[in-house]
Every structure is written in C-alpha cells, then in structure tokens.
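# Residue-level structural notes
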Amino acid sequence: MRIILKKKTKLQAMAKKGSSKASLFFIFVSFVLFCAFLPVFAPLPSFPSPHSHRNTLSRKFEIASDRFWKDGKPFQIIGGDVHYFRVHPEYWEDRLLKAKALGLNTIQTYVPWNLHEPTPGKLVFEGFADVEAFLNLCHKLGLLVMIRPGPYICAEWDWGGFPGWFYSMNPTPKPRSSDPTFLQLVERWWGNLLPKFFPLLYDNGGPIIMVQIENEYGSYGDDKTYLHHLVSLARGHLGHDVILYTTDGGAKENLEKGTIRGDAVFSAVDFSTGDDPWPIFKLQKEFNAPGKSPPLSAEFYTGWLTHWGEKIAQTNADFTAAALDKILQKNGSAVLYMAHGGTNFGFYNGANTGVDEGDYKPDLTSYDYDAPIRESGDVDNSKFTAIRRVIARYSSEPLPSVPSNNEKASYGPIHLQRKAFLFDMFDFSNSTNVFKSETPMSMEYVDQFFGFVLYVTEYKAKRGGRILFIPKLHDRAQVFISCPSEERGARPTYVGTIERWINNKLSLPHVKCHSNIKLFILVENMGRVNYGPFIFDRKGILSSVYLDGEKVKGWKMFPVPLHNLNEVSTYNPITQAVYSAFSEISSRRKKFIFKYENTSTEPAFYSGHFLIDKSSQVKDTFLSFKNWGKGIVFVNDFNIGRYWPLRGPQCNLYVPAPLLKQGDNILEILELESPGPDLVVNTEDEPDFKCGFSGMSVHQL
C-alpha cells in the first residue's frame, strides 16, 4: 500500500532550510527522544484487520510446484463435505470423528445465506447456524477446513442459498451477476460473514486453508466483472495470503467461463465418478499459473441426490473406492461429496429442473446421498469400509479406530387425533393477516418465503361446472370449493390437485348454490430450484387464474405461519390451536386408544404423543408415514420436514435423539391429503426408501 503525504511536515521543512549536519543532528535527537517516550504510549490498540495482522505462529498453507504445502511440507488434501446446517449441532462432533476415522484430514462446507439471514437484516449465527462453533470444533479435532461462503452454493438447498426475500424487493436483484442491487446485498452479507473467518484462517492459527468464490459458475454464466468483484471483497476481508478457489465442471467451456486465470484464484475441478481424472487435471493446469495447479477434485461424488418419485440413488462401493484410488495414487487431492449428507430439515430442500422450468423435481427430506457416513451417522456399511481402505494407503499415520453406529430405538405406534382443520384456523371475514389484490400475488409478496399460502376468491355457479386453469403455478395446489349459503355452512369440498410438472386443467363440478361459490387454492412451495438456468423461481400463483377462459379477479391471500428450521416458534393461531387441544389430553397422562375418525381430504392438523421413560432410552428413531398422504411433521416443535410416501421413495423421516427427551414427546402433523386410516404413525429403528413409484429412474444433473 502506498501512502501519499499531501502536505510537508514541519520536520521536512526545517531539514530543507538548515544545513545537512544540523538536519542529521535534529533527526538523531528526535529519534532518541521518540525511543525514550515510546513505552509511555505502548501498547497501542490492536485491530484485527487483514492488512495489519502478522503471522507469528509459523503456520503457512500455500501452493507451489503443483503441490499443496502445509508448514513447508507437501500435503495431500483428502477431504469430505459435511454441512453443519444438515446435522443437529449436538451431533457435529460425532459426524466429524467418523469423518476422521474414514481417513479425512479436511472438511469442506457451504454457508447458506438464507439460513443466516432469514429476513432482511436479521442475522442468525446460533443453533444450526453457529458456523463459528462448527469451525472451531473442526480445529479442535485436528481437521482443516475448506469453506464455501457462496454467495451462491447450489448444495441441493433452497435457491442455492439465496434468501427468498430477494423476490419481495423492488427492484428485484439479479443473483449471480454484477447487478448493482445484488452486489450491494452481497457486500452487506459478506461484510458480516467473512470477518468471522479471518481469525480462523490457517495462517492466523485456525483451520481454514481455502475459501471458495461462488460455485460452479461456469455452468451458469460468464460475468467476469461479478467474479472479480467477489475476489476483491474476499481479499478486503481476508487478506492476500489465503488461497481463494473456484470449482467448475471439468470441461473447457465451464472452466473458461467460471475461472479467473492467473494465480489470484486457484481453479479446482469436479467431474463424474469413474471418469479418467488425469486428462481433466491436465486441462485444469491451463487455467492456473505455472506451478500453481495441484490436481484437486473439489467434489468427488460418493453418491447422488434423489428427488421425490425416483428410486433412491445408490452407487457401488468398490467402484467408488477404485475411482478415488486413481486420484490419490498419483498425489492428487480429492474432497468427497458427500462424506456425510445429513437431512434437509424444515422447508430448506432444493429442487432441479429438466428441459424447462415446468419439468420440476423437488428433493427428498433425506440428504443421505448414499454417502459413506449415512444420514443417521451409521458407518457400518460397505462404502465406508471400501473408501477407508483406500485412504489408509495414503495416510501418513494410522487411521483412528471406527466409532460404532449410534443406537436406534422404536418407541412403538403413536396414536393421533385430529385437532383442527386448516381452513378453520382462518377468519375469512376479518381483514387482519390477509392480503388483497385483484390478481393473485406471489408468496414472497405476502412475506411468506416458505411453506404455504391459501388463495381465496369466489365465482358464480354455472350449469355444467367450470374449467379452472392456472398457467403458471409454483409448485403444487390443492383446490377446494364451498357454498356458504348452505344450511350450517359447508365444509370445503376437495376438487383436485394441480401440479407444476403436469400443469393440468381442473374441472370444477356443478354446485347448486344461492350465493357465489367460494374457491380455495392451497399452494405449497416445495423448494426453490437450486441449479441450472431456471433458478429464478418465485413461488405461489404467478399468473392470472382462469375459469372457462376468463380471468378471475378479487383475491385474498392468507399466509400459513409454520416456522422453518432454526426459527423460534412464535405465537400464531395454528400452532396454538393444536397445542391447546392436545394439552387437554396429555394433561390426563393416560394411555388412549383413539377411536377411528372419519378420514378427510381436507388439510388438517393431527397430534399425538409418545413416552420415553428413561434418559438412557432417548435414541435416534424414524417416523414411518406409510398409509399417510403428504404433509409436514413437527417433533417437540421442531420442523422435521416433508413426508410423501405415495410419491416415494422415502417412507420414514429421521429423528435425531437430541430432538427427543425423557417423558412426553409431542408429534404434530399437517396432513394435506388423507391421513392413515387408523391414525397411527409408527416409530422404526432403520431408514426405509421403498415407497412410491419404484419404476422411475434416477435423475442425473
């Protein structure tokens, strides 16, 4: 840094006017006096900035001679992705110890913006979002870290990590570009995030050896101004010594668009498991400075993701291990994606698209990924064994012993009762908590970024019925009608479902009604697209609604306030109604055998409880939803995620032990379609991915 003095100092002026001897004498005396008084002013305040910090710990992680170097010695990265936000914080250490036992020396993780800033300006860095605690735990356990702060992360996470509230802004930012509105948001976000990483950099005594810029940008765009701006921001907060890196698919076109040539940013690659890695590593060299291209597969795929309606993705253990061996045997480095997948708790699962945005494929709640460390932390499997055997050949020291699987428990059947119909939770005659518009508004415009919005309007009855058409719906709508003028009112009658990937028209039956017919459309956001050209994915009804080709006007939008992962449950009429109804039962502390209730296709809340007698019996479990329809599950007020056994393949949902407790445990369900006929949810001690349409193939990106 150059410092330019615009005005001459008094000392400089005197030196020019006097003789050279006087000048030297004056300078000498000044220096002696300065040294004499220095202790009076010391120590000066120390500010941890990337420009003033000095490495006094003799730690250095760098790239030279096409190798990684750690403290002056060659280093081979054998890493794996473990996402802190997909694992209960009380299980972070368990999963990291199992990653060490696998032979990993490095952990890679994304940082999802939308988890940490769920609403504009509200920053969250606690609970599942306590990224600093996770990084410090990695450091404590002797694991290095490659951090991927985005701002775009993909990760099969809702909108690749971008906050849904972007869509409530005017103008709407254009993510992954040099759009000024977007860059201002990134500057604010990284201004809060990156300073947390500075003291955790390896050269400063922490675990972070590399920081990623964007993520697979070459598969999306080629705005170099945007990439250079991210580099400048990162350097401003983290200094010029830390290694910044990009990751792109191992094809020349991807690398041309997604990398920054030279030695300012290291270019890593990823490619399909089983591809010959070394021609791709040779191509990688073209995009790094000479001597600055250690071969690194930043995403070595141990498995694959699964969407609802597909077979569960599985890859052969020996095939995967052999592909890894081809990289490691020639001093290449690799990061397993995933080492441990975890769970898409809450509403944070992402989605993909095929040929167009209508070819929509939402992800499962499970993010098992067929990884060597399974969703529940199990390591007693052939993939873990095969990969560990390969890594052991290249480890400089014996691998730690393998921890045992966490114990699982089945707590028997949980009997439930219907507590409230969803539509009864709304006062349709009250203007509170309702948005009105001539045309439907997106979910984001009514400040509902996840979950559901209920759209309500009315229309005139017509002999022969009506045809309902919604040209643009994201993502799934259940349609109901009712005739308010009927005696005692009329419960909404289910008419049918409209799905984004089918975009079907719906026939509304003829109803004899002396007033206008009420039309209810319950729209579910099933996860924003996280990858590809169609990631601009608003939710809700995004077009006019047509009856027999004519636009329907006069809409009311009712947000459905269900809390998401890591959000504190605040008062709202829905959850309070469920709890108050259930408390009357649980307070009696009796074992009930609930009578059969008439099933209904109208969305409703169901609640039950199960007892764990001793603290030693609190263990992981799975909730089975076989014979149920589709819905959302809360255990002790924690949003476990979605179930949809009719579509499959996931039959049951993983419940980590830290969510349970000794004594009564409360289960709440929002069932959207039809509950199990006996109103029972069973607990099981192992996962089950055999539900639904077993004939569908796995979707490959």
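Note that the structure is predicted; figures quoted are calculated from it, not measured. (Residues numbered from 1 in each chain as written. Predicted model: local features only at pLDDT ≥ 70, side-chain atom pairs only at ≥ 80, totals over all residues. Heavy atoms only, no water.)

What the protein chain contains, in helices and strands, is twelve helices and 33 strands. For the protein chain, buried positions account for 56% of its 701 residues. The long-range fraction of contacts in the protein chain, counting pairs at least 24 apart against all pairs at least 6 apart in sequence, stands at 80%. Accessible surface computed for the protein chain: about 30,300 Å², of which carbon and sulfur atoms make up 53%. (Helix = DSSP H or I, 4+ residues; strand = E, 2+ residues; numbered from the N terminus. Buried < 20%, exposed > 50% of the residue type's maximum accessible area, 1.4 Å probe, protein only. Contact = heavy atoms within 4.5 Å. Areas by Shrake-Rupley, 256 points an atom, 1.4 Å probe, with all protein chains shown as cover.)

Attention now moves to the packing of aromatic side chains. Summed over the entire model, instances satisfying the criterion amount to 52 aromatic pairs. Arranged with centres 4.1 Å apart and planes meeting at 5°, the rings of Phe-625 and Tyr-643 form a pair that is stacked. Taken together, the residues Phe-625 in the loop between β28 (621-624) and β29 (631-635) and Tyr-643 in strand β30 (residues 638-643) connect sequence positions 18 residues apart. Seen from the ring of Phe-469, Lys-505 lies directly overhead, with NZ or CZ sitting 5.1 Å from the centre. The ring of Trp-644 has Lys-630 sitting right over it, with the charged end atom 4.7 Å from the ring centre. (Phe/Tyr/Trp six-rings, centres within 6.5 Å; stacked < 30°, edge-to-face > 60°. Lys NZ or Arg CZ within 6 Å of the ring centre and 35° of its normal.)

Across the interface, helix α3 (residues 92-102) lies against helix α11 (residues 382-392) with an axial gap of 8 Å and an inter-helix angle of 55°. Viewed along their axes, α3 and α11 adopt a mutual orientation that is oblique. Residues Lys-98, Ala-101 and Leu-102 of α3 pack against Phe-384, Ile-387, Arg-388 and Ile-391 of α11. Classifying every residue of the contact of α3 with α11 by side-chain character gives five nonpolar, no polar and two charged. (Axes fitted to C-alpha atoms, helices over the stretch in contact; angles between N-to-C directions. Parallel < 35°, antiparallel > 145°, perpendicular 65-115°, else oblique. Nonpolar A, V, L, I, M, F, W, Y, C, P; charged D, E, K, R; others polar.)

Further remarks concern the nonpolar core. Trp-190 and Phe-197 are the most contacted members of the largest nonpolar core, which has 163 residues in total. Per-element tally for this core: the top contributor is helix α6 (residues 180-197), with nine residues. Residues contacting Phe-197, with those up to four places away along its chain left out, are Val-111, Val-131, Leu-135, Ile-147, Pro-149, Ile-208 and Leu-238. Grouped together as the second largest cluster of nonpolar side chains are 29 residues, Ile-470, Ile-481, Ile-498 and Leu-508 included. (Core = buried A, V, L, I, M, F, W, Y, C linked by side-chain atoms within 4.5 Å.)

Within the sequence span of helix α9 (residues 277-285), burial applies to Pro-277, Ile-280, Phe-281, Leu-283 and Gln-284. End-on view of α9: buried residues confined to an arc of 155°, all on one side of the axis. Structurally, α9 contributes buried residues whose contacts are with α8 (252-258), β9 (266-270), β10 (296-301) and α10 (317-328). Capping of α9 at its N-terminal end is provided by Asp-276; its side-chain oxygen lies 3.3 Å from the backbone amide nitrogen of Trp-278. (Arc of directions from axis to C-beta. Polar contact = N/O pair within 3.5 Å; in protein donor to acceptor, adjacent residues only side chain to side chain.)

Here we take up empty space enclosed by the protein. Taken as a whole and assessed by the stated rule, the structure comprises five cavities of 30 Å³ or more. Size it by volume and the largest cavity reaches roughly 70 Å³. Considering the residues around the largest cavity, the lining is formed by Trp-304, Leu-305, Thr-306, Ile-312, Asp-363, Leu-364, Ser-366, Tyr-367, Asp-368 and Tyr-369. By residue class, the composition of the lining of the largest cavity is six nonpolar, two polar and two charged. (1 Å grid on protein atoms, 1.4 Å probe; cavity = no way out; pocket = protein on both sides within 12 Å on 5 of 7 lines; lining within 4 Å. Points joined across faces, edges and corners; volume = space filled by probe spheres on them.)

Glancing now at the sheet that holds strand β5 (residues 106-110). Taken together, eight strands build a closed barrel; the order of strands is β4-β5-β6-β7-β8-β9-β10-β11 and the barrel is parallel. Taking the axes of each pair of neighbouring strands and ignoring which way they run, one obtains an average angle of 30° across the sheet. Sheet analysis places β5 next to strand β6 (residues 144-148), joined by five bridges and oriented parallel. Note on β6: the bridge partner recorded for Tyr-110 is Arg-148. (Pairing = 2+ DSSP bridges.)

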